[in-house]
Each structure stands twice: as C-alpha cells, then as structure tokens.
Amino acid sequence: MQTYLLSQQFNARSLAENSTACPANATICNGTSCVLPEDHFNKTLSIILSTVLTIMLALVMFSMGCNVELKKFWGHIKRPWGIFVGFLCQFGIMPLTAFLLSLVFNVLPVQAVVVLIMGCCPGGTASNVIAYWVDGDMDLSISMTTCSTLLAMGMMPLCLFVYTKIWTDSNAIVLPYDSIGISLVALIVPVSFGIYVNHRWPSKAKIILKIGSIVGAILIVLIAVVGGILYKGSWIISPKLWIIGTIFPAAGYSLGFFLARVAGLSWHRCRTVSLETGMQNTQLCSTIVQLSFTPEQLELMFTFPLIYSIFQLLFALLILGGYRVYRRYRVKTKTDVEKTEEKEDSKSTSSPAKINGGFVSNETK
C-alpha cells in the first residue's frame, strides 16, 4: 500500500513537472521538448499599426498640403534649381557618405550594404512636418519629397549598382517598386487635396494645418516608439552600426545645409534642403532589407534602419529647438532695434528740413 502511494505521488509529481515544462498550447510534447504553434502576434500587430499609421500619415500630409500655394509649387517645378540641389544632396551626398562611413569603420559586407541602402533611399515624409516647424519652404519641401520618391525608381538601382559592387552583387538586393509606388501615391493624393482646400478655403486650411502639424509631430514620435517595441528583440547589434547610425543623419543635415548655402539658396530653403537630405524613408529601407536577406543575415543589421530613424529624429528635434531659441532671440532683438529706430525717426522727421537742408528723401515720405 505504501509503495502504491509513493508510486502515485511520483506520477503526480512528474505530471506536474511536465505541465509546467510544456505550455498548454503546445501541439507536441516529449519531456521538456515542445512544439509550439507559430506566434503571429507581432506580425498581426505590425499590420494593424502599419495600417493605422498610414491613414494618420495621409491625414498629416493632407494638412501639410494646406500650406502649399499652387503658384509657388508650380514655380519650383518650372524653375527647379532648389529641387536640383536637393537631388544632388539626396542621391549624391547621402550614398557617398554611406559608402565612406562603411569603409572607414570597416563593417561586415552585409552591414555595409544596409548602410548603403539607407543612403540611397528617398526623403521621408517626416521632413515635411519638421520643415513646417522650422519655417521652411513647404512648397520646396513637398516638391522635393515627391520628386525624390519618383526618381528613386531609377536612382536607387543605379546608386546601389555603383556603390555595392565591392561587397555584394546588386542583383541580390530586391527593390520593392510597389512600396515606392504606394509611398508616392500616399504622398501625392492627400497633398493634392490639401492644395485644393488651401486654394478654395484658405481660412479653413490654416486651421487644418495647425491641427495636422501637431498630429504630425506626435506621429513621428509614435512611429519611433512603435518601432522600438516591435523590434525589441533585435537590439543586439554591432557597436560600429550604432556609431554610423549616429553620425550618418548628422552628416546628412550638415552637408545638405552647406551645399544648399553654396548653391545660393535662401536661409529658409537651406533649412528645408537640410531636413530633406538627412531625413530618409526608413520604412522603405526596412522593407528592402527584409526582402533581400536571410534570417541569419538580418540578425547582423536588421535594427540599423530603426537606429537611423531614432537619431535622425533626435537631431531634427535639436535643429528645431535651436531654431526656435534663435528665432525668439532674433525677433526680440529685432523688435528692440525697430523701436529704437522709430524713436530716432520720430525726432528726426519732426524737422527734416533743418537736418538735411530742406531735402526730404523718398524713404521718409
């Protein structure tokens, strides 16, 4: 009887151990080895969030379009000097910078390729929102984003062919032309509606623009946070890629601003070109990487687009903060100067004939 009870206790204990070792949803269990059904939670969550973010982004681009004047926008198309400078920055400076950073830091070939893919991507739509907050040229910003996305159809394969030859065959990189096309449609359609609203109802367009700019700023932060949550399992990555992910966007902003200034563009257009250069379409880069590489290769560099996205946002916020401080100081100083000049003018204009011998200039009339 005692042997039977001991046997029963042993069986109960082993069953309890097996029950804790094997989850309830396991399909096949052999001791501690269990086969679990595939977890689609992250994939489903990613699809849902992508859909929601795409709709929100379309609404934000609609509001950005409400700040675009058709005549000025068409003027940039007819006299595309600003767009041409942006083109040189986007498909000249960025791929070359990616190539040089990969050589300097001597990263693995597969890691060099992902850095180059990022450098060859067109500008992201987040640049339009930041350009609005730094008083940039919105007509130029949106025309540059549209043109760079359209030209990416041909320029991305060309740049990747030129720069990736020493590391891999460019034919091994799969370019998702459908994703580029969707990005282009998602940009052009809402912006076109926004331009129409601004043309027909300018007072309502200003209200939509204010709301959209705030939502856009929240959306940019939300995308970064969501990316960090979804890809939290891929944070183990080479320190060299962390360093490149920090330097790369900063170099894009700086070189874009410098080239625009050398080309003779005004200050607010220089800020616009700078943002369009440094802020890349990181979602497109992630798509290309997932389509082109094996799971083993992805472990070495999949997080790089997210790292770039985070640092491009941080530097953009620093630019925004610096500009706002500068603007507040400049406007305050300028106002003080104008008040002083007004007082001096009021004294001088009280008897202009005595000061300049009876001659009154056109400026004082």
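Residues numbered from 1 in each chain as written. Predicted model: local features only at pLDDT ≥ 70, side-chain atom pairs only at ≥ 80, totals over all residues. Heavy atoms only, no water.

K.L.:
Honestly, the packing of aromatic side chains in this entry has me stumped. Any pointers?
P.N.:
The description of two aromatic rings rests on the distance between their centres and on the angle between their planes. Applying the stated criterion across every chain yields a total of 9 aromatic pairs. Aromatic side chains Phe-87 and Phe-91 sit 5.7 Å apart centroid to centroid with 55° between the ring planes, which places their arrangement in the tilted category. Taken together, the residues span about one helical turn, with Phe-87 and Phe-91 both in helix α4 (residues 81–105) at a distance of 4 residues. Members of the aromatic cluster, joined through ring pairs, are Phe-99, Tyr-163 and Trp-167. The ring of Trp-267 has Arg-261 sitting right over it, with the charged end atom 3.7 Å from the ring centre. (Phe/Tyr/Trp six-rings, centres within 6.5 Å; stacked < 30°, edge-to-face > 60°. Helix = DSSP H or I, 4+ residues; strand = E, 2+ residues; numbered from the N terminus. Lys NZ or Arg CZ within 6 Å of the ring centre and 35° of its normal.)

K.L.:
I would appreciate a short explanation of empty space enclosed by the protein in the present structure.
P.N.:
With a probe scaled to a water molecule rolled over the atoms, the places where space remains empty come into view. For the coordinates displayed, the defined rule picks out 1 cavity of 30 Å³ or more. Taken as a whole, the largest cavity encloses approximately 80 Å³ of empty space. As for the largest cavity, its lining consists of Ile-83, Gly-86, Phe-87, Gln-90, Phe-91, Met-144, Thr-145, Cys-147, Ser-148, Leu-151 and Glu-276. Residue assignment for the lining of the largest cavity shows that the elements contributing at least two residues are α4 and α7 (138–163). Here the lining of the largest cavity is composed, by residue class, of 6 nonpolar, 4 polar and 1 charged. (1 Å grid on protein atoms, 1.4 Å probe; cavity = no way out; pocket = protein on both sides within 12 Å on 5 of 7 lines; lining within 4 Å. Points joined across faces, edges and corners; volume = space filled by probe spheres on them. Nonpolar A, V, L, I, M, F, W, Y, C, P; charged D, E, K, R; others polar.)

K.L.:
Would you mind showing me how to read the environment of Asp-135 here?
P.N.:
Looking at the secondary structure, you find Asp-135 in the loop between α6 (126–133) and α7. On the basis of relative accessible area, Asp-135 is assigned to the partly exposed category, the value being 30%. A C-alpha to C-alpha distance of 9.2 Å links Asp-135 and Tyr-323, two positions 188 residues apart in sequence. Residues within four places of Asp-135 in sequence aside, it is in contact with His-268, Arg-271, Tyr-323 and Arg-327. Polar side-chain contacts of Asp-135 include one of 2.7 Å to the side chain of Tyr-323. Side-chain polar atoms of Asp-135 contact the side chain of Arg-327, separated by 3.2 Å. (Buried < 20%, exposed > 50% of the residue type's maximum accessible area, 1.4 Å probe, protein only. Contact = heavy atoms within 4.5 Å. Polar contact = N/O pair within 3.5 Å; in protein donor to acceptor, adjacent residues only side chain to side chain.)

K.L.:
Please explain unusual backbone geometry as it appears in this structure.
P.N.:
In terms of backbone geometry, most residues other than glycine have negative phi values and most peptide bonds are trans. The phi dihedral of Asn-106 falls on the positive side, at around 50°, and the residue is not glycine. Along the chain, the position of Asn-106 falls in the loop between α4 and α5 (109–120). In this structure, Asp-135 is a non-glycine residue whose phi angle is positive, near 60°.

K.L.:
Help me out: how do you make sense of the side chain of Thr-149 in this one?
P.N.:
Considering the arrangement of structural elements, one finds Thr-149 in helix α7. Judged by relative accessible area, Thr-149 falls into the buried class, the value being 5%. Beyond its immediate chain neighbours, meaning those up to four positions away, Thr-149 contacts Pro-122, Gly-123, Ile-180, Ser-183 and Leu-184.

K.L.:
Even after reading the chapter, I still don't get the nonpolar core, so can you show me in this structure?
P.N.:
Side chains of nonpolar character tend, in soluble globular proteins, to be buried together. Within the largest apolar cluster, 42 residues are counted, with the highest numbers of intra-cluster contacts made by Ile-117, Met-156, Phe-248 and Val-289. Only α4, α5, α7, α10 (239–262), α12 (282–292), α13 (295–301) and α14 (304–349) provide two or more residues apiece to this core. For this core, the leading source of residues is α5, giving 9 residues. Residues contacting Met-156, with those up to four places away along its chain left out, are Cys-120, Cys-121, Pro-122, Leu-175, Ile-180, Leu-284 and Ile-288. (Core = buried A, V, L, I, M, F, W, Y, C linked by side-chain atoms within 4.5 Å.)

K.L.:
What exactly am I supposed to notice about the UniProt feature "transmembrane region" (unreviewed entry) in the protein chain here?
P.N.:
The feature "transmembrane region" (unreviewed entry), as annotated in UniProt, sits at residues 45–63, 83–105, 112–134, 140–163, 175–195, 207–229, 241–260 and 306–326 in this numbering. Counting secondary structure, residues 140–163 comes out at 100% helix and 0% strand; the distance between its end C-alpha atoms is 29 Å. With 90% helix and 0% strand, residues 175–195 has end C-alpha atoms that lie 31 Å from one another. (UniProt positions renumbered as here; feature names shortened; annotations may be inferred.)

K.L.:
Would you take a moment to explain α5 for this structure?
P.N.:
In this model, α5 (12 residues) spans 16 Å end to end at C-alpha, consistent with the 16 Å of a helix rising 1.5 Å per residue. Counting buried residues along α5, 11 of its 12 residues qualify, which places the element largely inside the surrounding structure. Taken as a whole, α5 has its buried residues at Val-110, Gln-111, Ala-112, Val-113, Val-114, Val-115, Leu-116, Ile-117, Met-118, Gly-119 and Cys-120. (Expected span 1.5 Å × (residues − 1).)

K.L.:
How should I be thinking about the side chain of Ser-274 in this particular structure?
P.N.:
Looking at the element boundaries, Ser-274 is found in helix α11 (residues 267–278). Not counting the four nearest positions on each side in its chain, Ser-274 is found in contact with Gly-252, Tyr-253, Gly-256 and Phe-257.

K.L.:
Got a minute to help me understand the pattern of salt bridges in this structure?
P.N.:
Pairs can form between side chains of opposite charge once their charged atoms are near each other. Evaluation of the coordinates by the stated rule reveals 3 salt bridges. Among the ionic pairs, Arg-269 bridges to Asp-137, the shortest N-O distance being 2.9 Å. Separated by 132 residues along the polypeptide, Arg-269 in helix α11 and Asp-137 in the loop between α6 and α7 bring together distant segments of the chain. Overall, Arg-269 belongs to the partly exposed group, its relative accessible area being 30%. Asp-137 gets classed as buried once you look at its relative accessible area, which sits at 7%. (Salt bridge = Lys/Arg side-chain N within 4 Å of Asp/Glu carboxyl O.)

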